[in-house]
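# Observations on the model geometry
Spelled out from the first residue to the last, the chains are:
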Amino acid sequence: MELKTQAVYVAVLLACTLIASSEAITCYMCNSVQKSGCADPFKSDGIEICTGTTCTTLFASGVAKPVTVRDCSELPSPTNKCEEKSLPGSKEIHCTCMSDYCNSAKTIIPSAWLLAVVGVLSMSAAIRN
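Every value quoted in this text rests on a predicted model; they were computed, and no experiment measured them.

## Focus on unusual backbone geometry
Trans is the common state for peptide bonds, and a negative phi is the common state for residues other than glycine. A cis amide bond, omega 0°, links D40 with the succeeding residue P41. At Y101, a position not held by glycine, the phi torsion is positive, near 55°. Here Y101 shows up in the loop between strand 6 (90-97) and helix 2 (112-128). Under the relative-accessibility criterion, Y101 is labelled partly exposed at 35%.

Here it is as structure tokens:
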């Protein structure tokens, strides 16, 4: 099979993966005020789940007691990312991710499809050279 034909197959496979990633995913739903297992280190026992297009995690510190909130969102996130916001007297870290149960971790790990995109782009660049 030609290298260009293989690249087309990989591109089609990648497109199918990206389309599938827009479907509902399962996330954890809790807050550390009501469930101590919701804080880090995270313990999934007895934690509710929800479905959405994006999982979210919010870490707030500087308040009387640090708070962690894990939830679902219906708005797609452009990437797996965390953003930090400093507010007077407190700090918030808001993370979004797009794979099942991805909001269990404190650090967002790129999903497999993102790694596949990087691989395809690298292979495409190698083909052109």
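Now that the structure has been shown, the text picks up again.
## Looking at the sheet that holds strand 1 (residues 25-31)
Spatially, the 6 strands line up as an open sheet ordered 2-1-4-3-6-5, and their pairing is antiparallel. The sheet is open, and its two borders are formed by strand 2 (48-52) and strand 5 (81-87), each paired with just one other strand. For this sheet the average axis-to-axis angle between neighbouring strands, irrespective of direction, equals 25°. Where strand 1 lies against strand 4 (residues 67-73), 2 bridges are found, and the strand directions are antiparallel. The partner of C30 across the bridge, within strand 4, is R70.

## Structural notes on the state of the cysteines
All chains considered together, the criterion is met by 5 disulfides. One disulfide in the model links C30 with C38; its S-S distance is 2.1 Å. The chirality of the disulfide connecting C30 with C38 is right-handed, given an S-S dihedral of about 75°. Neither residue differs from the other here; C30 and C38 are each classed as buried. Note that C50 is cross-linked by a disulfide to C72, the S-S spacing being 2.0 Å. Judged by the sign of its S-S torsion, about 100°, the bond between C50 and C72 is right-handed. You can see C50 sitting in strand 2 and its partner C72 sitting in strand 4, a full 22 residues away along the chain. C72 carries the same exposure label as C50, and that label is buried. Here the disulfide map of the protein reads 1-5, 2-3, 4-6, 7-8, 9-10, the bonded cysteines being numbered as they appear in the sequence.

Quick notes on the rules
- Residues numbered from 1 in each chain as written.
- Predicted model: local features only at pLDDT ≥ 70, side-chain atom pairs only at ≥ 80, totals over all residues.
- Heavy atoms only, no water.
- Helix = DSSP H or I, 4+ residues; strand = E, 2+ residues; numbered from the N terminus.
- Buried < 20%, exposed > 50% of the residue type's maximum accessible area, 1.4 Å probe, protein only.
- Pairing = 2+ DSSP bridges.
- Axes fitted to C-alpha atoms, helices over the stretch in contact; angles between N-to-C directions.
- Disulfide = S-S within 2.5 Å.

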